[in-house]
Amino acid sequence: MTEAAIRFQFGGHATFPVRYGWLPKGLEQLVNQGGFTANTETADELGIGSKMVESLAYWLNFTGLAAAGPQGAAAPSPLAALIHQHDPYFERPGTWWFLHLLLARREGSVWNWFFNDYADRIFDRLICADAFLQFARSKAIRPPSPAMVQRDVACLLSAYASRPGVDLVDPDDIGACPLRELGLLVRHEAVNRFERSRRPHGVPNEVFLACASLLAQETGKQALSLRELATIRGGPGRVLCMGMDAVETQVGEIGGKRWQEGIQVQTLNGERHLFVPSRTPQDWLVALYARVEGEHPQ
């Protein structure tokens, strides 16, 4: 049986990774004005350039904050309303972890390919771009040009790659992206190489469970083994850049805290399995905000 071709979306970000302050501005427009239109009027109101406002529209769409609205305008999604209520300035790392999860699971995008299909742990920009080009030409309904692919890969690397041994985000870098704070990708400037993390720090349990829940729904399984969580496409191992040791540690932490919510860790046939309820990512984000706000009441 021939594998179905994928409808890819290339570009749209104008090579700009999402910047600090962009999503709060866009979210405010979406919620309080009922929509977002990427035009010169919006650009002037937000104090950004015309290309940047187009890029902001892309990021609002790709992170799931914007939904299709009337007459081509983007309307606020339920996710946008939830974040606006609990984290309107996008200050909580858990919010960015959830946005990363949605980006990495968006089929037909460079984000989905990189975190699910690209296997190299250490690579350079040209090798990465060539791999994406070959993948897209074999899978896409409309194959891209090399220039299109290079722009997508450049945007992804700029969005996620941080420098080792220093602050994850340089405050003097006006193009700095909050996704770098997740620590999923390191840039080794001296050798012009990038390295994918295998043990990221600070992954909220709710993000791990949201990813596992989606994987369970897609595979039709009630329980997932540690090996499946670490290796299957769309699972925490790939999407969250977690090796087997990191997955085992996270599952152990979850098993000790979450049994009362229908989440269990059991040993079946000599292998540990995670039982996770079927919930939407938005439900898990509600759980994260409830936990954080309970630990740090205002």
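Note: the structure precedes this text.
Every chain is numbered independently, its residues counted from 1 as its sequence is written. With the structure being a predicted model, the display of local features is reserved for residues of pLDDT at least 70 and the display and counting of side-chain atom pairs for 80 or more, all residues being used for whole-chain, interface and lining totals. Side-chain metrics rest on all non-hydrogen atoms present in the structure, leaving aside hydrogens and water.

Overview of the environment of Ala 129
At step 1: Each helix is a run of H or I in the DSSP string that is no shorter than four residues. Each strand is a run of E no shorter than two, and both are numbered from the N terminus. As for its placement among the helices and strands, Ala 129 is situated in helix H7 (residues 125-139).
At step 2: Residue Ala 129 is classed as buried on the basis of its relative accessible area, which comes to 9%.
At step 3: On a C-alpha basis, the gap between Ala 129 and Val 153 in space is 5.9 Å, while along the polypeptide they are 24 residues apart.
At step 4: Contacts are assigned to residue pairs with any non-hydrogen atoms lying within 4.5 Å of each other. Residues contacting Ala 129, with those up to four places away along its chain left out, are Val 149, Gln 150 and Val 153. Per-residue accessibility, obtained with a 1.4 Å probe over protein chains only, is compared with the maximum for each type, and a residue is labelled buried under 20%, exposed over 50%, and partly exposed between these values.

A closer look at helix H1 (residues 22-32)
At step 1: Every buried residue of H1 is listed here: Trp 22, Leu 23, Pro 24, Gly 26, Leu 27, Gln 29 and Leu 30.
At step 2: For H1, the elements touching its buried residues are helix H2 (40-46), helix H3 (50-62), strand E1 (66-68), strand E2 (74-76), helix H4 (78-86) and helix H5 (93-104).
At step 3: Just past H1, the residue Gly 34 takes up positive phi, approximately 75°.

Some words on the packing of aromatic side chains
At step 1: Only centres within 6.5 Å qualify two rings of Phe, Tyr or Trp (six-membered ring in Trp) as a pair; their planes then separate them into stacked at under 30 degrees, edge-to-face at over 60, and tilted for everything else. Enumeration over the complete set of coordinates arrives at 19 aromatic pairs.
At step 2: Ring geometry for Tyr 58 against Trp 59: centres 5.4 Å apart, planes inclined by 90°, an arrangement best described as edge-to-face. As far as the burial class goes, Tyr 58 and Trp 59 line up, both buried.
At step 3: Judged by centre distance (5.0 Å) and plane angle (85°), the ring pair of Phe 114 and Phe 115 falls under edge-to-face. Neither residue differs from the other here; Phe 114 and Phe 115 are each classed as buried.
At step 4: One Lys or Arg, Arg 196, reaches over the ring of Phe 114 and ends 4.4 Å from the middle of that ring.
At step 5: Think of it as a cone above the ring: NZ of Lys or CZ of Arg counts as a charge over the ring if it is within 6 Å of the ring centre and within 35 degrees of the ring normal. Stacked on the ring of Trp 284, the Lys or Arg Arg 279 has its end atom at 4.7 Å from the ring centre.

Comments concerning the nonpolar core
At step 1: Judged by nonpolar contacts, the single largest core of 90 residues is most densely connected at Leu 23, Trp 111 and Tyr 160.
At step 2: Considering each element in turn, this core owes the most residues, eight residues, to helix H9 (residues 205-219).
At step 3: Setting aside its immediate chain neighbours within four residues, Leu 23 contacts Val 18, Leu 56, Trp 59, Leu 60, Leu 65, Phe 90, Trp 96 and Leu 99. To qualify as a nonpolar core, a set must consist of buried Ala, Val, Leu, Ile, Met, Phe, Trp, Tyr and Cys residues joined through side-chain atoms within 4.5 Å.

Re the pattern of salt bridges
At step 1: Salt bridge, as used here, is a side-chain nitrogen of Lys or Arg placed within 4 Å of a carboxyl oxygen of Asp or Glu. Per the stated rule, a full pass over the model turns up ten salt bridges.
At step 2: In this structure, Arg 233 engages Asp 117 in a salt bridge whose closest nitrogen and oxygen atoms are separated by 2.7 Å. One end of the pair, Arg 233, is in the loop between helix H10 (226-231) and helix H11 (236-239); the other, Asp 117, is in the loop between helix H6 (110-116) and strand E3 (122-123), and 116 residues separate them in sequence.
At step 3: Each of Glu 107, Asp 117 and Arg 233 takes part in one network of salt bridges that share partners.

Side note on the side chain of Asn 205
At step 1: Structurally, Asn 205 is set in helix H9.
At step 2: A polar contact of 3.3 Å, which involves the side chain of Asn 205, links it to the side chain of Glu 253.
At step 3: What Asn 205 contacts, discounting residues up to four positions off in sequence, is Gln 250, Glu 253, Ile 254 and Arg 258. Pairing of N or O atoms within 3.5 Å defines a polar contact, subject to two protein rules: one partner must be a possible hydrogen donor and the other a possible acceptor, and residues neighboring in sequence count only if both atoms are side-chain atoms.

Some details on H9
At step 1: A helix's residues, less one, multiplied by 1.5 Å, set its expected span. Here H9 contains 15 residues, and its C-alpha end-to-end distance of 21 Å stays within 8% of the 21 Å for a straight helix at 1.5 Å per residue.
At step 2: With twelve of 15 residues buried, H9 lies mostly within the body of the structure.
At step 3: Taken together, the buried positions of H9 are occupied by Asn 205, Glu 206, Val 207, Phe 208, Leu 209, Ala 210, Cys 211, Ala 212, Ser 213, Leu 214, Leu 215 and Ala 216.
At step 4: A positive backbone phi angle near 70° is found at Gly 220, which sits one or two residues after H9.

Considerations on the side chain of Arg 92
At step 1: Structurally, the position occupied by Arg 92 is in the loop between H4 and H5.
At step 2: A distance of 3.1 Å separates a polar atom in the side chain of Arg 92 from the backbone oxygen of His 86.

Read these as geometric descriptors, not functional statements.
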